[in-house]
Amino acid sequence: MHSSETSAAAERDVPAYDRVDVSVLVVGAGAAGARTAIELAERGVDDVLVLGKRSHGDAHTTWARGGINGALGTHDPEDSWAIHAADTLNEGHFINDPQKVEAVTKQMPARLRELDDWGMDFSRTDDGEIDQRFFGAQSFRRTAFAGDHTGESMLKTLVSRAQELEIPYRENVMITKLLSDEDQAYGAVGFDMDSGDPVLFNTETVVLAAGGYAAIYNRHTSRDDENNGDGAALAYDAGAELMDMEFVQFHPTGMAVDESDPEWEPWSGRLVTEAVRGEGGRLYNADGERFMKRYSPDQMELDARDVVARAIAQEVAEGRGTDNGGVYLDLSHKDRSFIRERLPRMYERFDDLGVDMSTEPVEVAPTSHYGMGGVVVDEYGETSVDGLFAIGETMAGVHGANRLGGNSLAETVAFGVVAGERIAPRVDGPGTVPESVVASVAEPHFADLAEMAGRDGDYEVMDVFTEIQDLMWEHAGILRDEESLQAGLDRLDEVRERAANMAVGPMTSDSFEFAIDVGFMLPVAESVLRGALQRTESRGAHYRRDYTEKDTDWQRNIYVERADVGGMTSHTEQVGSPSPAVQDALDEGHELDYHQLE
Ligand SMILES: Cc1cc2nc3c(=O)[nH]c(=O)nc-3n(C[C@H](O)[C@H](O)[C@H](O)COP(=O)(O)OP(=O)(O)OC[C@H]3O[C@@H](n4cnc5c(N)ncnc54)[C@H](O)[C@@H]3O)c2cc1C
């Protein structure tokens, strides 16, 4: 790898930029990016650069708590990778790509053992085996975990393995555009967030492991500056397709807060663990009615996530919500000592905010948790643009219409490995980004960035950013219909105009970063709205008030792509068939039990 200063003369004022030559550029340093780089290094590819827009080891992966799935059979020896695949397809309402599901589930026992070998501090049974528990909807206990800090422990393990292999890493670099001619990837451009210096990465292979898009909704469980759809938007702009974008998983109980109160505002959307309902928490609407009896008289509060989330949304939509747009979750019929013992973190969190869960209810509302859609890739994680890969939460196909808890961490490492396997034998130096691509894509983009930095405008970046999140919540939230989705698309057009007229700070400012995010969120939001409008049925996490039933004709994926002349086009394709082994597991009819955890 080498880096050199390049000055470009063009008609526009193009700032000087660094140039970095590298064989494989991994954009994203969460579990997916780290595991790809490890696979490459282990296969002898040392000319790899991993970068992230945060400091080393600080990726969204660290927020995952509940666990990571793999059919180890610690407690349930009858479990198998094929039953894991069958559960995943069932929970995904058969919109998942069976081939990708199998690619993940087949590998996972080996991936878990390997993490164990590399030092991950998995919780263990008395016999010292990797412990496994139920998590979400599963037929057997197959979720491995490290206490309540699985993601943190996993990323720490991967980062230290990457360090052992001396994999180069750059932190605080934001990629703003990929270099491609729509058939072939040539690298990426972005800027150093500390210095504001633009950088061109010249490479033949780009792996996008840049996370998901759940945070394009105003109430969400992600960090505010992550999961804004960077990966999907970068790939879409480079000519790749997106798929299943309409499927967004809403967790039923996020914190519903007074967003004008600075003490509470940062907590908006944060998870209130399902264990609160598991321990007997009751849901009441603002009229004091225990409303779940109307939606699920047998299961009540313990029904599946999507059922409870829809019930809460319905109560709020029909005017029986609290002023903060939620409902009450009440445990006050339990003793303080019981709550403190069983739910210590929850008790402490609310206690710090001045709410005693043993005497008063807390306010909750559904919160956007995970986008099942993403970039269309083949079985190795490669997109239709040669040399451009998309893996982890950035890719589509594994989760279908609803994600099984514990499967997203699994997907990160499983696809990290297959992508690495595919890329390694092809590596033949950085290649040379064609001058025509530098002149027609990179340099005009650097000029755009320079013009945007410090630009005057009529609208504040954060107002536009929040407006996109608000409109997604209002128009493409849990309960959708044609009129509202269409109105959302119209509103998005208006926001797009304001986005072109924002007052933006210098390149090292938060405002600049969020302005770039606005540019990523716009096409991603549009793809969710369009997909949700086109899918005239209800399936998994996608619920249409005007088409409340699942429609077998809709066992199809919706693909969206950038049209030659502006705009977005879409088409649908039939979902593939599972292999005989997975079909057998499906035919065995294993029951998916729902278990309350985060
Ligand atoms: C609260 C919460 C709890 C969860 N719990 C679980 C769980 O228990 N089990 C489970 O399986 N899943 C869980 N998930 C989901 C899981 O954490 C994620 O799907 C997974 O960690 C994604 O990993 P990733 O490597 O794909 O992306 P991330 O970990 O999100 O990493 C993305 C990387 O890309 C970088 N990046 C992004 N954009 C750019 C850009 N433009 N330029 C440069 N770099 C960029 C980021 O800096 C980061 O390094 C949870 C999610 C949340 C929000």
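Note that this is a predicted model, so its numbers are computed, not measured. (Residues numbered from 1 in each chain as written. Predicted model: local features only at pLDDT ≥ 70, side-chain atom pairs only at ≥ 80, totals over all residues. Heavy atoms only, no water.)

### As for the overall build of the protein
Across its full length, the protein carries 16 helices and 25 strands. Projected onto its principal axes, the C-alpha positions of the protein cover 70 × 55 × 50 Å. Looking at the 598 residues of the protein, the share that counts as buried comes to 61%. In the protein, of all internal contacts separated by at least 6 residues, the share reaching a separation of at least 24 is 74%. (Helix = DSSP H or I, 4+ residues; strand = E, 2+ residues; numbered from the N terminus. Buried < 20%, exposed > 50% of the residue type's maximum accessible area, 1.4 Å probe, protein only. Contact = heavy atoms within 4.5 Å.)

### Points about the pairing of strand β18 (residues 362-371)
A large share of β18 lies buried, amounting to nine of its 10 residues. Across six bridges, strand β15 (residues 248-255) lies against β18 in antiparallel orientation. By the bridge assignment, Gln249 is partnered in β18 with Tyr370. As paired elements, strand β17 (residues 327-330) and β18 share three bridges and run antiparallel to each other. Opposite Tyr328, over in β18, you have Glu363 as the bridge partner. (Pairing = 2+ DSSP bridges.)

### Description of the nonpolar core
Core analysis: the largest hydrophobic core is formed by 132 residues, its most contacted members being Ile68 and Met472. In terms of residue count, helix α15 (residues 510-534) provides more of this core than any other element does, 13 residues in total. Counting 26 residues, the second largest nonpolar core, distinct from the first, contains Val272, Met292, Val308 and Val327. (Core = buried A, V, L, I, M, F, W, Y, C linked by side-chain atoms within 4.5 Å.)

### Structural notes on the site of the ligand
Taken together, 38 residues are adjacent to the ligand, and Thr61, Gly67, Glu393, Ser408 and Leu409 come closest. Note that a nitrogen atom of the ligand is positioned 2.9 Å from one of the side-chain N or O atoms of Asp230. Gly406 is positioned with one of its backbone polar atoms (N or O) 3.5 Å from an oxygen atom of the ligand. In the complex, 97% of the free accessible area of the ligand, which totals 1,000 Å², lies under the protein chains. (Near = heavy atom within 4 Å. Polar contact = N/O pair within 3.5 Å; in protein donor to acceptor, adjacent residues only side chain to side chain. Areas by Shrake-Rupley, 256 points an atom, 1.4 Å probe, with all protein chains shown as cover.)

### A look at the domain arrangement of the protein
According to the domain assignment, the protein consists of domain 1 (251-367) and domain 2 (435-574). Measuring from the centre of the C-alpha atoms in domain 1 to the corresponding centre in domain 2 gives 30 Å. In total, about 550 Å² of surface goes out of reach between domain 1 and domain 2, with carbon and sulfur atoms giving 74% of it. At the surface where domain 1 touches domain 2, the tally comes to zero salt bridges. Elements that contribute at least two residues to the side of domain 1 that touches domain 2 include exactly α8 (305-317) and β18. The element best represented in the side of domain 1 that touches domain 2 is α8, accounting for six residues. Grouping the amino acids of the side of domain 1 that touches domain 2 by side-chain chemistry returns four nonpolar, two polar and two charged. (Domains from an automatic or database assignment. Buried area = accessible area lost by both parts, 1.4 Å probe. Salt bridge = Lys/Arg side-chain N within 4 Å of Asp/Glu carboxyl O. Nonpolar A, V, L, I, M, F, W, Y, C, P; charged D, E, K, R; others polar.)

### Considering the sheet that holds β17
Remark on secondary structure: sheet strands pair via backbone hydrogen bonds, oriented parallel or antiparallel. The antiparallel open sheet is built from four strands, whose spatial order is β15-β18-β17-β16. One side of each edge strand has no neighbouring strand; the edge strands of this open sheet are β15 and β16 (282-284). On average, each strand axis in the sheet is inclined to that of its neighbour by 45 degrees, with strand direction left out of account. Sitting on the sheet, α8 touches β15, β16, β17 and β18, and the angle it makes with β15 is about 65 degrees. (Axes fitted to C-alpha atoms, helices over the stretch in contact; angles between N-to-C directions.)

### Observations regarding the pattern of salt bridges
Using the criterion set out here, one finds 45 salt bridges in the structure. With its nearest N and O atoms 3.8 Å apart, the salt bridge here joins Lys53 to Asp517. With Lys53 in the loop between β4 (48-51) and β5 (68-69) and Asp517 in helix α15, this pair connects stretches of sequence that are 464 residues apart. Asp517 shares its class with Lys53; the two are buried. Among the salt bridges present, the one from Lys177 reaches Asp237, with a minimum N-O distance of 2.8 Å. Remark: Asp237 occurs in helix α5 (residues 230-237) and Lys177 occurs in strand β10 (residues 173-180); sequence separation between them is 60 residues. For Lys177, a relative accessible area of 19% translates into the label buried. By relative accessible area, which is 30% here, Asp237 ends up partly exposed.

### Some points on the sheet that holds β5
Strand order in the open sheet formed by three strands is β5-β8-β6, with antiparallel pairing between adjacent strands. The open sheet has two edge strands, β5 and β6 (132-133), and neither has a second partner.

### Here's the deal with the packing of α5 against α15
The geometry of α5 relative to α15 is characterised by a closest axis approach of 8 Å and an angle of 75 degrees between their N-to-C directions. What the angle tells us is that α5 and α15 run roughly perpendicular. For the pair α5 and α15, contact is made by Asp230, Ala232, Ala233, Leu234 and Tyr236 and by Asp517, Phe520, Pro523 and Val524, respectively. In terms of residue class, the contact of α5 with α15 is made up of seven nonpolar, no polar and two charged. (Parallel < 35°, antiparallel > 145°, perpendicular 65-115°, else oblique.)

### With respect to the packing of helix α13 (residues 461-475) against α15
Direction vectors running N to C along α13 and α15 enclose 20 degrees, while the axes themselves pass 9 Å from each other. Here α15 runs roughly parallel to α13, going by the angle between their axes. Viewed along their axes, α13 and α15 form a crossing whose handedness is left-handed. Every residue of α15 that contacts α13 at Val461, Met462, Val464, Phe465, Ile468, Gln469, Leu471, Met472 and His475 is listed here: Ser511, Phe514, Ala515, Asp517, Val518, Met521, Leu522, Ala525, Val528 and Leu529. Within the contact of α13 with α15, the residues separate by chemical class into 15 nonpolar, three polar and one charged. (Left-handed = near helix turned anticlockwise from the far one by under 90°.)

### Some words on a negative patch on the surface
A cluster of acidic residues, Asp224, Asp258, Glu259, Glu265 and Asp323, forms a negative patch on the protein surface. Among the secondary structure elements, Asp258 is positioned in the loop between β15 and α6 (275-278). Using a relative accessible area of 33% as the deciding quantity, one classes Asp258 as partly exposed. (Patch = residues over 30% accessible without salt bridge, like charges linked within 9 Å, V, L, I, M, F, W, Y side chains within 5 Å. Lys, Arg positive; Asp, Glu negative; His and termini not counted. Charge placed at Lys NZ, Arg CZ, Asp CG, Glu CD.)

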